[in-house]
Amino acid sequence: MKNKSCIGFICMALLSLSAHAQTKKWTLQECVNYAIQNNISIKQSELDAKTALIDKRGAIGSFLPSINASTSHSWNIGLNQDITTGLLQNQTTQFTSAGVNVGIDIYKGLQNQNRLRRSNLSLVAAKYQLVKMQEDIALNVANAFLQVLFNKENLKVQKEQLDINEKQFSRSEALVKAGSIPRGDLLDIKATVATNNQNIIAAENALLISKLSLSQLLQLKEFESFDIVDDTDVKDENNIMMQSPNAIYSKALEGRTELKIAKTNLELAEKDVVIAKGAYQPTIQGFYSFNSRVAYSDRVVGVVPNSSNPTSQIGFVEGTNQNVLAPNFTRVLGKPAPFFDQFSDNKGHSFGVQLSIPILNGLSVKNNVDRSKINVERSKIAVEQQDLDLQRNVYTAFADAKGALKSYESAITALEARQNAVDFAKERFNVGLMNSFDFNQAQTLLANAQSEVLRTKYDYIFKIKILEFYFGIPLIKN
């Protein structure tokens, strides 16, 4: 019984957790943080940053020596020079060779040093690009989040309007039976109820599509069960509207990522000029080479002492009566010299320093320097343009936020007036002093006023977020 009770308790707990997971509602901050971790565009920017890090490792590697080993083995079949006698013979000769080459840049016009500095700048630029992508995604998520909120409230308004009209339809039926209003007015209200149902369907579809858009930004697959919190309060928590446009612009100059990217690109262009000029200077390279070889023949050579010259030997070729003077023979009678003995005897070393002075290379160096200088001028113009764009965007965002606030306040005033008008129209309609067409018009105007309040409210919220964004208040909170 105890086991059954434990199993039942566990099942209930799992069901409770499952239900909680399905009813989870995401906050704006949760949406932003999740998108930063999972969005595809951000992942691509992260890969670009990793590529820049690899490029930096490559720049560091240019300071290291290059070491290459090589080996080869060849067969020469036919008429070849005998390796023992020097005579041409029909035989098969084999050669094995091996070597190691080492090279290192001693001086290269400081190009390696400048390329390393450039790679550091490229890494910084890649990180700025990643931050810029994160900021853009955060703004897109905020906009999509507010669009979902707008559609949720709009759907709620449409349902409330349908409920009001259905109740009005019931009251109108009673008034028609009492003879207070003509039957035609009842048909008008019935048509209005049908229109409300169509509006609800349209609002539900808009809500579904907005949830899909937000879930795609977050890379969520199950968007149908996705939902967000109903935090619809309009508030300027950071009092951003108390700041002047110039103060916001000055703050943006200090921290805006797009301006940092433009300035870093200028530094990269200037570094490219220095690297290109380095090709005018001579280069000094050190080198070292080790090599050795081993030779084989299918003709076995014997070695006997040379009586006429004790310091030399007489060799003879097996199968012939030919004797040859071979003072350098090191083979034992009837056997080739051992492999490693030949490898040791034939080894060689070479090392030195190479100086290369550029004199004329088809004006390629000069052209590269000139191109790099042009890129510097372009980068300077890009920085100036980015500064102008930032100033224009800040002042435009401030004007938009100020206008959005006024529109929202005006929409609230209009809604209050429309609500009073509908209340008055309802009283007149119930006593037969207003026809159904005019009453429906008053209700339609009320619905439009409600939608306008929603639209201006979320427009104002988003404009505030943009101003905070320029002022350095991030949407991304770690």
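Residues numbered from 1 in each chain as written. Predicted model: local features only at pLDDT ≥ 70, side-chain atom pairs only at ≥ 80, totals over all residues. Heavy atoms only, no water.

**Student:** Residue-level account of the overall build of the chain, with values.
**Tutor:** Helix and strand counts for the chain stand at ten helices and seven strands. Relative to its 478 residues, the chain shows a buried fraction of 35%. Within the chain, contacts between residues separated by at least 24 positions form 80% of all contacts whose residues are at least 6 apart in sequence. Approximately 28,500 Å² of the chain is accessible, and the part contributed by carbon and sulfur atoms is 56%. (Helix = DSSP H or I, 4+ residues; strand = E, 2+ residues; numbered from the N terminus. Buried < 20%, exposed > 50% of the residue type's maximum accessible area, 1.4 Å probe, protein only. Contact = heavy atoms within 4.5 Å. Areas by Shrake-Rupley, 256 points an atom, 1.4 Å probe, with all protein chains shown as cover.)

**Student:** Talk me through the packing of aromatic side chains; I want residue IDs and the actual numbers.
**Tutor:** Counted under the stated rule, the structure contains four aromatic pairs. A ring pair is formed by tryptophan 26 and tyrosine 34, whose centres lie 5.2 Å apart and whose planes are at 85 degrees; its orientation type is edge-to-face. An aromatic cluster of at least three residues, connected via ring pairs, comprises Trp26, Tyr34 and Phe226. The ring of tryptophan 26 is capped by lysine 24, whose NZ or CZ atom sits 5.3 Å from the centre of that ring. (Phe/Tyr/Trp six-rings, centres within 6.5 Å; stacked < 30°, edge-to-face > 60°. Lys NZ or Arg CZ within 6 Å of the ring centre and 35° of its normal.)

**Student:** Residue-level account of the pattern of salt bridges, with values.
**Tutor:** Enumeration according to the criterion identifies 15 salt bridges in this entry. Of the charged contacts in the structure, one is a salt bridge between glutamate 30 and lysine 24, with a shortest N-O distance of 3.3 Å. Take glutamate 30: its relative accessible area is 33%, and that puts it in the partly exposed class. Between lysine 463 and aspartate 459 there is a salt bridge, with its nearest N and O atoms 2.6 Å apart. One end of the pair is lysine 463 and the other is aspartate 459, both in helix α10 (residues 436-471) and four residues apart, which spans about a single turn. A single salt-bridge network, built from bridges that share partners, covers Lys25, Lys152, Lys211, Asp227 and Asp230. (Salt bridge = Lys/Arg side-chain N within 4 Å of Asp/Glu carboxyl O.)

**Student:** Could you give me a rundown of a nonpolar patch on the surface, with the residues and numbers involved?
**Tutor:** Taken together, the side chains of Leu355, Ile357, Ile359, Leu360 and Leu363 define a hydrophobic patch exposed on the protein surface, amounting to about 600 Å² of accessible area. Position of isoleucine 357 relative to the elements: it lies in the loop between β7 (348-356) and α9 (364-430). (Patch = residues over 30% accessible without salt bridge, like charges linked within 9 Å, V, L, I, M, F, W, Y side chains within 5 Å.)

**Student:** Provide a residue-level description of the nonpolar core, including the pertinent values.
**Tutor:** Counting residues in hydrophobic clusters, the biggest one holds 55 residues, and the most contacted among them are Cys31, Val141, Leu214, Leu218 and Ile228. Those elements that provide at least two residues to this core are α2 (28-38), α4 (111-178), α5 (183-217), α6 (245-255), α9 and α10. Of the residues forming this core, the biggest block, 15 residues, is contributed by α4. Excluding residues that lie within four positions of it along the chain, valine 141 makes contacts with Leu28, Cys31, Val32, Ala35, Leu214, Leu217 and Leu218. Residues Ala425, Phe429, Met434 and Phe439 belong to the second largest nonpolar core, which totals eight residues. (Core = buried A, V, L, I, M, F, W, Y, C linked by side-chain atoms within 4.5 Å.)

**Student:** Describe the packing of α4 against α9, listing the residues and the values that go with them.
**Tutor:** Two elements in contact, α4 and α9, have axes whose closest approach is 11 Å; the angle formed by their N-to-C orientations is 25 degrees. As the angle between them shows, α4 and α9 are arranged roughly parallel. Here Gln168, Arg171, Ser172 and Leu175 of α4 lie close against α9, whose contacting residues are Lys426, Phe429 and Asn430. (Axes fitted to C-alpha atoms, helices over the stretch in contact; angles between N-to-C directions. Parallel < 35°, antiparallel > 145°, perpendicular 65-115°, else oblique.)

**Student:** Describe unusual backbone geometry, and please don't skip the residues or the numbers.
**Tutor:** Positive phi values are uncommon outside glycine, yet leucine 110 reaches one of about 60 degrees. Within the element layout of this structure, leucine 110 appears in the loop between β2 (88-107) and α4. One non-glycine residue with positive phi stands out, namely leucine 363, at about 60 degrees. Relative to the helices and strands, leucine 363 is located in the loop between β7 and α9.

**Student:** Tell me about the side chain of lysine 211, and name the residues and values.
**Tutor:** Structurally, the position occupied by lysine 211 is in helix α5. Side-chain polar atoms of lysine 211 contact the backbone oxygen of phenylalanine 226, separated by 3.5 Å. In contact with lysine 211, not counting residues within four places along its chain, are Val148, Phe223, Phe226 and Asp227. (Polar contact = N/O pair within 3.5 Å; in protein donor to acceptor, adjacent residues only side chain to side chain.)

**Student:** Any details on the environment of lysine 24? Residues and values, ideally.
**Tutor:** For lysine 24, the location among the structural elements is in the loop between α1 (2-22) and α2. The spatial distance from the C-alpha of lysine 24 to the C-alpha of phenylalanine 226 is 7.9 Å, given a sequence separation of 202 residues. Non-local contacts of lysine 24, meaning those with residues more than four positions away in its chain, are made with Glu30 and Asp227. Among the polar contacts listed, one links the side chain of lysine 24 to the side chain of glutamate 30, at a separation of 3.3 Å.

**Student:** Break down the packing of α4 against helix α7 (residues 257-278) for me, citing the residues and quoting the values.
**Tutor:** Packed helix pairs are characterised by how far apart their axes lie and by the angle those axes make with each other. Between α4 and α7, the least distance of the axes is 9 Å, while the angle of their chain directions is 160 degrees. Judged on the interaxial angle alone, α7 and α4 are roughly antiparallel. Between α4 and α7 the crossing geometry is left-handed. Residues that form the contact of α4 with α7 fall into these classes: nine nonpolar, eight polar and ten charged. (Left-handed = near helix turned anticlockwise from the far one by under 90°. Nonpolar A, V, L, I, M, F, W, Y, C, P; charged D, E, K, R; others polar.)

**Student:** If you had to explain the environment of asparagine 140 to someone new, which residues and values would you point to?
**Tutor:** For asparagine 140, the location among the structural elements is in helix α4. C-alpha separation for the pair asparagine 140 and leucine 214, spaced 74 residues apart in sequence, amounts to 8.7 Å.

**Student:** Tell me what's going on with α9, and back it up with residues and numbers.
**Tutor:** Given 3.6 residues to a turn, an α-helix orients residues that are three or four positions apart in the same direction. Look at α9: 92 Å from first C-alpha to last across 67 residues, which is about the 99 Å you get at 1.5 Å a residue. Taken from the residues just after α9, glycine 432 is the one with a positive phi, measuring 80 degrees. (Expected span 1.5 Å × (residues − 1).)

It is worth stressing that arrangement in space is one thing and function is another; only the former is reported here.
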